[in-house]
Amino acid sequence: MERRRFLAGAGAVTAGAVAAAAPGSPGAAAPGIRRVQTGLDVLVRSRFAELSGQRVGVISNPTGVDSAYRHLVDLMHASGAVRIAAAFGPEHGFRGSAQAGGSEGTGIDARTGITVYDAYGASQAKWESMYAEAGVDTVVFDIQDVGARFYTYIWTMYTSMAAAARTGKRYVVLDRPNPIGGTARGPMMTPAYTSGVGLKEIVQQHGMTVGELARFFNAEFLPAEVGRSVDLHVVACRHWKRTMLAADTDLPWVMPSPNMPTPDTALVYPGTGLFEGVASITEGRGTCRPFELIGGLADDFDYHWCDRLNARELPGVEFREAYFTPTSAGQKPALLNKLCAGVEVKVVDRAAYDPIRTAVAMLVEARKYPAFAWRQDSWDAARPYWVDKLTGSPRLRTMIDAGADVDDVVGAWADELAAFERRRRPYLLY
C-alpha cells in the first residue's frame, strides 16, 4: 500500500492538557451567544469513557476539534485512554489539504504516527477491508456537516455505518450542531438519481445533525440494505437548540472544506450549491466568497440579473451587482481566470432567509439569458445533467426550462417535504 507522511497539525496537545481540560469549562460566552458543547467536548469531559478498552478507528477531518481547537485524534493520542487503530480521511482529506473531488491518499500522520487511510468515495467493501487491516473494534465519526444533502461527509458516514453493521463493529457519532439550524427544506432524492452527492432519500436541506442523521439512517435504511442495524451510540451535544444557527453559539468554526470558509457560506450553500449544475455560471470557487458570489462570463451576463432579483423582494436576502474572477473552476474550465458578472448573495435576515427558494429564483432569472446552459457530464449518458443529481430528479430543471416561476417550482415538493418531516421526527435529539 502506498503511504506518505502527513504534516502535523498546529499546537501540541499533552496528556496533562487533556486531563486539565476534562473537568473544566470555558469562560462566559458573549452576550446573546449560547455556550454549546459538542459531542467531542462531552467525550473529553468524560475522559473518553465511551471508548474505554476498544481499538478505535476515527473518521474525521480538520473540523474534529474541541472548543480550544484541539483535534480529537491528538486528544485521544495524548490522553493514553484510547487505543487508536487508524484514522480515515473523507473528501479533502484527514488534514484538509485536498480540493473538491480530491483526497490526500493513505499515509502516516506525523504527529501521532497513526496510519491514515484514504476513505474518499470508499465502497462498503473498501470500508470493510480497511477496518480489517486496521483491526478496528469501534468506529468514531466526528466531522462538521453543513446541512445540505449534496455535501459528501454524511454519505461517508452512511457507507462506513453500513460496513460497520456488516462486520459487527460499534459505531460512535460525536455530534455537532447543524450550523444552519433544524429546518428541513427542498426536494426529496429519488432512487433513480442517487449518487455520491445523495445516496438515500432525504431532502436537500435535511435540518438534522449528523447524530440525528445516523439514527435515521440506522433505522430507515440500513436494515433494508444490510439486513441489520449497526450498534450505534451518539454522544449528543449539550445546550444546542434547533432554532440556533452557527452565529448563535460560541463554537469555533473550522473550514470543513476549502470552499466553505465561514458559517455564512454554509447558510447559502444548500441553495447556491445548485449552480454546480450550471455549466455557464460559476459558484465563486477561488474567490473569498465562494457560493455567495455567483456569475457567468461578463460578455454573457449583466446587472439586469441583480436588478430583477432585488425586484422580487425575496425574504431575508438582498443582492449586490458583482464582478469577479474565479481562480478555481471546478468542472468549468471555460470560466477559469475570466471576468465574470453576476451577484453577491447578501443574507440580511437569517431567520427569514430560505436558501433553496432564493436559489430557485436565481436560476429562474438566470435561465432568461441566452448563454445559460445546464452542466452535462459525458460519463453518465443515462443521467447527464448534474443538477438532477443535486436536486434528486429532473423536475426542477424541466420545470425551469418550461418557464415555471418560483412558487410553482417550490410548491412541487411541498408534499414530499412534509412527509420527510414526519418521518424524521422520531430520530431528532434536540
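Refer to the preceding data block for the structure.
Below or above, wherever it landed, is the structure these notes cover. Just so it is clear, the model here is predicted, and its values are computed rather than measured. (Residues numbered from 1 in each chain as written. Predicted model: local features only at pLDDT ≥ 70, side-chain atom pairs only at ≥ 80, totals over all residues. Heavy atoms only, no water.)

### Focus: the environment of Asp407
Reasoning step 1: Tracing the chain through its elements places Asp407 in helix α13 (residues 406-411).
Reasoning step 2: Among the residues examined, Asp407 registers a relative accessible area of 56% and is labelled exposed.
Reasoning step 3: Side chain to side chain, Asp407 and Arg357 meet in a polar contact 2.8 Å long. (Helix = DSSP H or I, 4+ residues; strand = E, 2+ residues; numbered from the N terminus. Buried < 20%, exposed > 50% of the residue type's maximum accessible area, 1.4 Å probe, protein only. Polar contact = N/O pair within 3.5 Å; in protein donor to acceptor, adjacent residues only side chain to side chain.)

### Side note on the sheet that holds strand β11 (residues 281-282)
One key point about sheets: their strands pair by backbone hydrogen bonds, in either a parallel or an antiparallel sense.
Reasoning step 1: Pairing is antiparallel in the open sheet, where four strands are placed in the order β11-β12-β14-β13. Two strands bound the open sheet, and with one partner strand each, they are β11 and β13 (317-324).
Reasoning step 2: On top of the sheet, helix α10 (residues 355-366) reaches β11, β12 (293-297), β13 and β14 (340-347); it is set at about 50 degrees to β13, its chief contact. (Pairing = 2+ DSSP bridges. Contact = heavy atoms within 4.5 Å. Axes fitted to C-alpha atoms, helices over the stretch in contact; angles between N-to-C directions.)

### With respect to the packing of aromatic side chains
Reasoning step 1: In the structure shown here, the tally under the stated rule is 22 aromatic pairs.
Reasoning step 2: Centroid distance Phe301 to Tyr369: 4.8 Å. Interplanar angle 45 degrees. Geometry classified as tilted. With Phe301 in the loop between β12 and α9 (304-311) and Tyr369 in the loop between α10 and α11 (386-391), this pair connects stretches of sequence that are 68 residues apart.
Reasoning step 3: Assessed through its relative accessible area of 8%, Tyr369 is described here as buried.
Reasoning step 4: Members of the aromatic cluster, each reached through a chain of ring pairs, are Trp155, Tyr158, Phe216, Phe217, Phe221, Phe420 and Tyr427.
Reasoning step 5: Note that Arg397 overlies the ring of Tyr385, its terminal NZ or CZ placed 3.8 Å from the centroid. (Phe/Tyr/Trp six-rings, centres within 6.5 Å; stacked < 30°, edge-to-face > 60°. Lys NZ or Arg CZ within 6 Å of the ring centre and 35° of its normal.)

### Some words on the side chain of Ser280
Reasoning step 1: Looking at the element boundaries, Ser280 is found in the loop between α8 (263-272) and β11.
Reasoning step 2: When its relative accessible area of 13% is taken as the criterion, Ser280 is described as buried.
Reasoning step 3: Separated by 3.3 Å, the side chain of Ser280 and the backbone oxygen of Ala371 make a polar contact.
Reasoning step 4: If we skip the residues at most four places from it in the chain, Ser280 touches Gly295, Gly296, Leu297, Phe301, Leu335, Ala371, Phe372 and Ala373.

### Some details on the environment of Tyr269
Reasoning step 1: When you line up the elements, Tyr269 lands in helix α8.
Reasoning step 2: Residue class for Tyr269 comes out buried when judged on its relative accessible area of 4%.
Reasoning step 3: In contact with Tyr269, other than residues within four places in its own chain, are Val146, Ala148, Phe150, Tyr151, Met260, Glu276 and Phe291.

### Thoughts on the pattern of salt bridges
Side-chain pairs of opposite charge can arise whenever the charged atoms involved come near each other.
Reasoning step 1: Going through the model one piece at a time under the given rule, you end up with 29 salt bridges.
Reasoning step 2: In this structure, Glu365 engages Arg312 in a salt bridge whose closest nitrogen and oxygen atoms are separated by 2.9 Å. In this pair, Glu365 is assigned in helix α10 and Arg312 in the loop between α9 and β13, connecting sequence segments 53 residues apart.
Reasoning step 3: Residue classification places Glu365 among the buried positions, given a relative accessible area of 3%.
Reasoning step 4: The shortest N-O distance in the salt bridge between Arg357 and Asp407 comes to 2.8 Å. (Salt bridge = Lys/Arg side-chain N within 4 Å of Asp/Glu carboxyl O.)

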